[in-house]
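Okay, here's what each chain looks like letter by letter:
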Amino acid sequence: MIFRIVFLCLILLIIELYTFQVLKTLIKSKPVLFSIQGISILVLIYIVYSVMQFDRSVGQTRQMMVIMGLMLIVYVPKLILTLVLMGEDIFRLGAGTVNYFVDYDKSADFLNSRRKFISQIGLGLAAVPFLSLIYGVTVGKYNYKVIKQRIFFPDLPEAFDGFTITHISDVHSGSFDNPEKINYAIDLVNEQNSDLILFTGDIVNTDAKEMHPWIETFNRIKKHEYGKYSVLGNHDYGEYITWPTEAAKEDNFKAIKSLYGEIGFNLMLNEHTFIQKGDSKIALVGVENWGHNFKQAGDLNKAAGPLTKEDFKILMSHDPSHWEHVVQHDEKHYHLTLSGHTHGMQFGIEIPGYFKWSLAQYVYKQWAGLYENLGRYVYVNRGFGFHAYPGRVGIMPEITVIELKKGVSVA
């Protein structure tokens, strides 16, 4: 633990030194220079102090989210400045070595002076994440997008051709701070007029009480003709804080499960049901959380029961790693899996239909949008809410509308 703290302090010291070098190159007024550096040191002290006060029995609070946002806004740009200047230093070191040992010019300085335009380039590059992260905190976290996805299945029952599903995930109600924006998002959900609505977990960050101020708001989600169903996410088990007793933890878990019913959703716990339309039906399967590196309470075999390969099946499973490691290989052939969990890490670059990138892709093979393997599909919702970093950059909060179509895609 001490080694980690010392290592982190060393990294922060290097970052601060390089940042000071940039400011020193660009700002000639010493009072201004040292005022900026003084403010920077005070911000660092505040962040370190706040992190040291973290109480695991309480878990993430709004204050801790503010600290996380502040830390990213301050240190991501500084890290970019550091990398730019370290690159220049490597070049200066190389040039100095060549000059000293090859050109034999002993009169010249071993290291050339730092170039102003390199500092200006570094500052320009650092401004991009700085402004983006501020945008994410002030605007992006509530910049809801309705994403419509049509998926073709050759064996879809004829009666379900054109059937629509609204999919939401990762509400994280404990992070909300703007009732007007949440009501706007609920209006967007209702405007889709889908046949069915599915919610793939994480109603809270940890504690059932987080949802209490929002129950009335989420009860505004209108009844859907074919129902409202949900499953649990990893945060719904309350395992990210230290509880005073196991009984308290269990009581919280029961309360969280009850929350889904309080907002009109049928919570599915390793079980299945049928959606009937006329003489045709499709199976809806819901499992508890199953994550490759998270809680594995999901039991696909128990949930599916007597279902066969021939039954058309939609599976709700919070974590897309379940699809990657288990579902896509299952002999029962799950036609469509709906997941969430990744949030797209709430930070990335996305040009719909052309390009998407996020750090999430280095952790999850399926992290946002639609993926397919041998006729088995998984759709990963980017999340309704936010967690840890109180914002979203590039990867916006999502309300998904999926249309089931009978046939083969010609795209």
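Quick caveat, the model's predicted, so the values are computed rather than measured.

(A) Quick look at the overall build of the protein. Each helix and strand in the protein was counted, giving 9 helices and 14 strands. Its C-alpha atoms give the protein principal-axis dimensions of about 90 × 50 × 40 Å. Per-residue burial for the protein yields a buried fraction of 48% across its 411 residues. In the protein, of all internal contacts separated by at least 6 residues, the share reaching a separation of at least 24 is 76%. As displayed, the protein has an accessible area near 20300 Å², and 62% of this comes from carbon and sulfur atoms.

(B) View of the UniProt feature "domain: Calcineurin-like phosphoesterase" (unreviewed entry) in the protein. Mapped onto this structure's residue numbering, the UniProt feature "domain: Calcineurin-like phosphoesterase" (unreviewed entry) falls at residues 164-344. Structurally, residues 164-344 is divided into 25% helix and 20% strand, and its ends, taken at the C-alpha atoms, are 24 Å apart.

(C) Local environment of the domain arrangement of the protein. Taken as a whole, the protein is organised into domain 1 (1-139) and domain 2 (146-406). Its C-alpha centre places domain 1 at a distance of 39 Å from the equivalent point of domain 2. Taken residue by residue, the interface counts 15 residues in domain 1 and 19 residues in domain 2. Around 1400 Å² of area is buried between domain 1 and domain 2 when both sides are counted, 58% of it from carbon and sulfur atoms.

(D) Region of the structure containing the sheet that holds strand E1 (residues 145-153). One open sheet accounts for 6 strands, arranged E1-E14-E2-E3-E4-E5; its pairing is mixed. One side of each edge strand has no neighbouring strand; the edge strands of this open sheet are E1 and strand E5 (266-267). Across 2 bridges, the pairing between strand E4 (residues 228-230) and E5 is parallel. Its bridge partner lying in E5, Tyr229 is registered against Asn266.

(E) Just helix H7 (residues 246-262), in detail. Helix length check: H7, at 17 residues, gives a terminal C-alpha distance of 24 Å against a target of 24 Å (1.5 Å per residue), a fit within 8%. Within the span of H7, buried status applies to Asn252, Phe253, Ile256, Leu259 and Tyr260. Within H7, the buried residues cover an arc of 105 degrees as seen down the axis, which keeps them to one side. Packed against the buried residues of H7 are strand E3 (196-199), helix H6 (215-218), E4 and E5. Backbone geometry just downstream of H7 places Gly264 in the positive-phi region, at approximately 85 degrees.

(F) Spotlight on the nonpolar core. Ranked by internal contacts, the top residues of the largest apolar core, which has 33 residues, are Phe176, Ile203, Met211, Phe218 and Phe384. For this core, the secondary structure elements donating two or more residues are helix H5 (179-191), E3, H6 and H7. Tallying contributions element by element places H5 first for this core, with 5 residues. The contact partners of Phe176, leaving out residues within four places of it in the chain, are Arg62, Tyr142, Val171, Ile182, Trp214, Phe218, Phe384, Gly385 and Phe386. Judged by nonpolar contacts, the second largest core, of 24 residues, contains Met268, Leu284, Phe312 and Met316.

(G) How the structure looks around the pairing of strand E12 (residues 369-373). Of the pairings in the sheet, the one linking E12 to strand E13 (residues 376-380) comprises 5 bridges and is antiparallel in character. Bridged to Glu372 within E13 is Tyr377. The turn linking E12 back onto E13 is made up of 2 residues, and Leu374 within it adopts a positive phi angle of 50 degrees.

(H) Region of interest: the UniProt feature "transmembrane region" (unreviewed entry) in the protein. The UniProt entry lists residues 35-52, 64-86 and 117-140 under the feature "transmembrane region" (unreviewed entry), expressed in the numbering used here. For residues 35-52, helix accounts for 100% and strand for 0%, while the C-alpha atoms at its two ends are 26 Å apart. Taken end to end, residues 64-86 comprises 100% helix and 0% strand; its first and last C-alpha atoms sit 31 Å apart.

(I) Geometry of the environment of Ile151. When you line up the elements, Ile151 lands in strand E1. Exposure remark for Ile151: the relative accessible area of 1% places this residue in the buried category. Between the C-alpha atoms of Ile151 and Leu336, which are 185 residues apart in sequence, the distance is 9.1 Å. If near-sequence neighbours (up to four positions away) are discounted, Ile151 is found in contact with Leu336, Leu370, Tyr377, Ile402, Glu403, Leu404 and Lys405.

(J) Structural context of a nonpolar patch on the surface. Taken together, the side chains of Phe3, Phe7, Leu10, Ile11, Leu13, Ile14 and Leu17 present a nonpolar region at the surface, about 690 Å² in accessible area. Inspection of the secondary structure assignment puts Ile14 in helix H1 (residues 2-26).

(K) Highlighting the pattern of salt bridges. Within this structure, the stated rule accounts for 10 salt bridges. For Glu350, the salt bridge is made with Arg382, and the minimal N-O distance between the two is 2.6 Å. Within this pair, whereas Glu350 is found in strand E10 (residues 348-351), its partner Arg382 is found in the loop between E13 and strand E14 (398-406), the two being separated by 32 residues in sequence. Its relative accessible area of 5% is what places Arg382 among the buried residues. A single network of salt bridges, built from pairs that share partners, joins Glu239, Lys249 and Lys295.

Conventions we followed
- Residues numbered from 1 in each chain as written.
- Predicted model: local features only at pLDDT ≥ 70, side-chain atom pairs only at ≥ 80, totals over all residues.
- Heavy atoms only, no water.
- Helix = DSSP H or I, 4+ residues; strand = E, 2+ residues; numbered from the N terminus.
- Buried < 20%, exposed > 50% of the residue type's maximum accessible area, 1.4 Å probe, protein only.
- Contact = heavy atoms within 4.5 Å.
- Areas by Shrake-Rupley, 256 points an atom, 1.4 Å probe, with all protein chains shown as cover.
- UniProt positions renumbered as here; feature names shortened; annotations may be inferred.
- Domains from an automatic or database assignment.
- Buried area = accessible area lost by both parts, 1.4 Å probe.
- Pairing = 2+ DSSP bridges.
- Expected span 1.5 Å × (residues − 1).
- Arc of directions from axis to C-beta.
- Core = buried A, V, L, I, M, F, W, Y, C linked by side-chain atoms within 4.5 Å.
- Patch = residues over 30% accessible without salt bridge, like charges linked within 9 Å, V, L, I, M, F, W, Y side chains within 5 Å.
- Salt bridge = Lys/Arg side-chain N within 4 Å of Asp/Glu carboxyl O.

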